[in-house]
Amino acid sequence: MFGQFLNIIVRSIKLDKTLYKDNKNFGEAAIYFAGLIMILDGLAGAVAANTVIKTAVAMSGLTAILTWFVWGLFIYVIGVKLFPDKETKVPFKKVLTAVGFAHAPGLLRFFAVTPDLMIPIIFLTQFWIFAGLIISTKQVLNLKSNFKSFGIVFLSFLIIAFLSISFVMSKMNALPISNIS
């Protein structure tokens, strides 16, 4: 079981597209593997961020799980419901699992042990995760086009970024400093 988990992580880091085509990787334990990858990704991000600012590790794990569901939901709705190909018939659980697997490069953030390494490693791993999401989306949704897969992931990203910025900005209005004029 642990060997299968490590195999999924290594294949995801290598951007191996066959990872997402092999149904044995989407068995009963797959959703738990994907969830564990997301939690570890969140913890790795917290470790990297702690080199500069103090970050709540437990909150990072919870945020990673929430992020996982949001990414999965948007990719599912956009790719399966709004813009499917003819052969796009996939359950939400499989999309959610693929999104979790695609976040495996984020585990490399554990190596950002100094402030000088934090920003390059976070940027590198974020682009790596984005590439993994594009590959996993194309494979799991049976898309013919890399461009369409990119579009689904990028549109999901834009929606998530907009919602995140809107949330942060709404909370900033609640800060006491916003009352100073």
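Our structure is the block above this text.
Residues numbered from 1 in each chain as written. Predicted model: local features only at pLDDT ≥ 70, side-chain atom pairs only at ≥ 80, totals over all residues. Heavy atoms only, no water.

Phi is positive for Leu 15, which is not a glycine, with a value near 55°. Its location among the elements puts Leu 15 in the loop between α1 (2–13) and α2 (30–49). Looking at Leu 15, the relative accessible area reads 30%, which means it is partly exposed. Positive phi, normally seen in glycine, also occurs at Asn 142, with a value near 55°. As for its position among the elements, Asn 142 is in the loop between α5 (115–140) and α6 (146–172). Here Asn 142 falls in the partly exposed class, since its relative accessible area comes to 27%. (Helix = DSSP H or I, 4+ residues; strand = E, 2+ residues; numbered from the N terminus. Buried < 20%, exposed > 50% of the residue type's maximum accessible area, 1.4 Å probe, protein only.)

Let's shift gears to the pattern of salt bridges. Going through the model one piece at a time under the given rule, you end up with four salt bridges. Between Asp 16 and Arg 11 there is a salt bridge whose closest N-O contact spans 3.0 Å. Judged by its relative accessible area of 12%, Arg 11 falls in the buried class. Linking Arg 109 and Asp 41 is a salt bridge whose minimum nitrogen-to-oxygen distance equals 3.3 Å. (Salt bridge = Lys/Arg side-chain N within 4 Å of Asp/Glu carboxyl O.)

In total, this model carries nine aromatic pairs according to the counting rule given. Seen from their ring centres, Phe 26 and Phe 101 are 5.7 Å apart, and the 40° between their planes marks the pair as tilted. Here Phe 26 is found in the loop between α1 and α2, whereas its partner Phe 101 is found in helix α4 (residues 92–102), with 75 residues between them in sequence. Ring geometry for Tyr 76 versus Phe 92: centroids 5.5 Å apart, planes at 80°, classification edge-to-face. Of the two residues, Tyr 76 sits in helix α3 (residues 57–82) while Phe 92 sits in helix α4, which places them 16 residues apart along the sequence. With relative accessibility at 16%, the residue Tyr 76 sits in the buried group. Here a set of aromatic residues connected by ring pairs shows up, and it is made of Phe 130, Phe 150, Phe 154 and Phe 157. Directly above the aromatic system of Phe 26 lies the positively charged group of Lys 94, at a separation of 5.0 Å from the ring centroid. (Phe/Tyr/Trp six-rings, centres within 6.5 Å; stacked < 30°, edge-to-face > 60°. Lys NZ or Arg CZ within 6 Å of the ring centre and 35° of its normal.)

By size, the foremost hydrophobic cluster in this structure holds 39 residues, and its most contacted members are Tyr 20, Trp 71, Ile 75, Val 95, Phe 101 and Leu 133. Secondary structure elements with two or more residues in this core: α1, α2, α3, α4, α5 and α6. With seven residues, the top contributor of residues to this core is α3. The contact partners of Trp 71, leaving out residues within four places of it in the chain, are Val 99, His 103, Phe 130, Leu 133, Val 153, Ser 156, Phe 157 and Ile 160. (Core = buried A, V, L, I, M, F, W, Y, C linked by side-chain atoms within 4.5 Å. Contact = heavy atoms within 4.5 Å.)

So, on to the environment of Thr 114. Relative to the elements of secondary structure, Thr 114 occurs in the loop between α4 and α5. Owing to a relative accessible area of 32%, Thr 114 belongs among the partly exposed residues under this scheme.

In contact at an axis separation of 9 Å, α3 and α4 are set at 125° when each is read in the N-to-C sense. Looking at the two axes, α3 sits oblique to α4. The element α3 and its partner α4 pack so that their crossing is right-handed. Here Trp 68, Phe 69, Trp 71, Gly 72, Leu 73, Ile 75 and Tyr 76 of α3 come into contact with α4, specifically with Phe 92, Val 95, Leu 96, Val 99 and Gly 100. Looking at the contact of α3 with α4 residue by residue, the classes come out as 10 nonpolar, two polar and no charged. (Axes fitted to C-alpha atoms, helices over the stretch in contact; angles between N-to-C directions. Parallel < 35°, antiparallel > 145°, perpendicular 65-115°, else oblique. Left-handed = near helix turned anticlockwise from the far one by under 90°. Nonpolar A, V, L, I, M, F, W, Y, C, P; charged D, E, K, R; others polar.)

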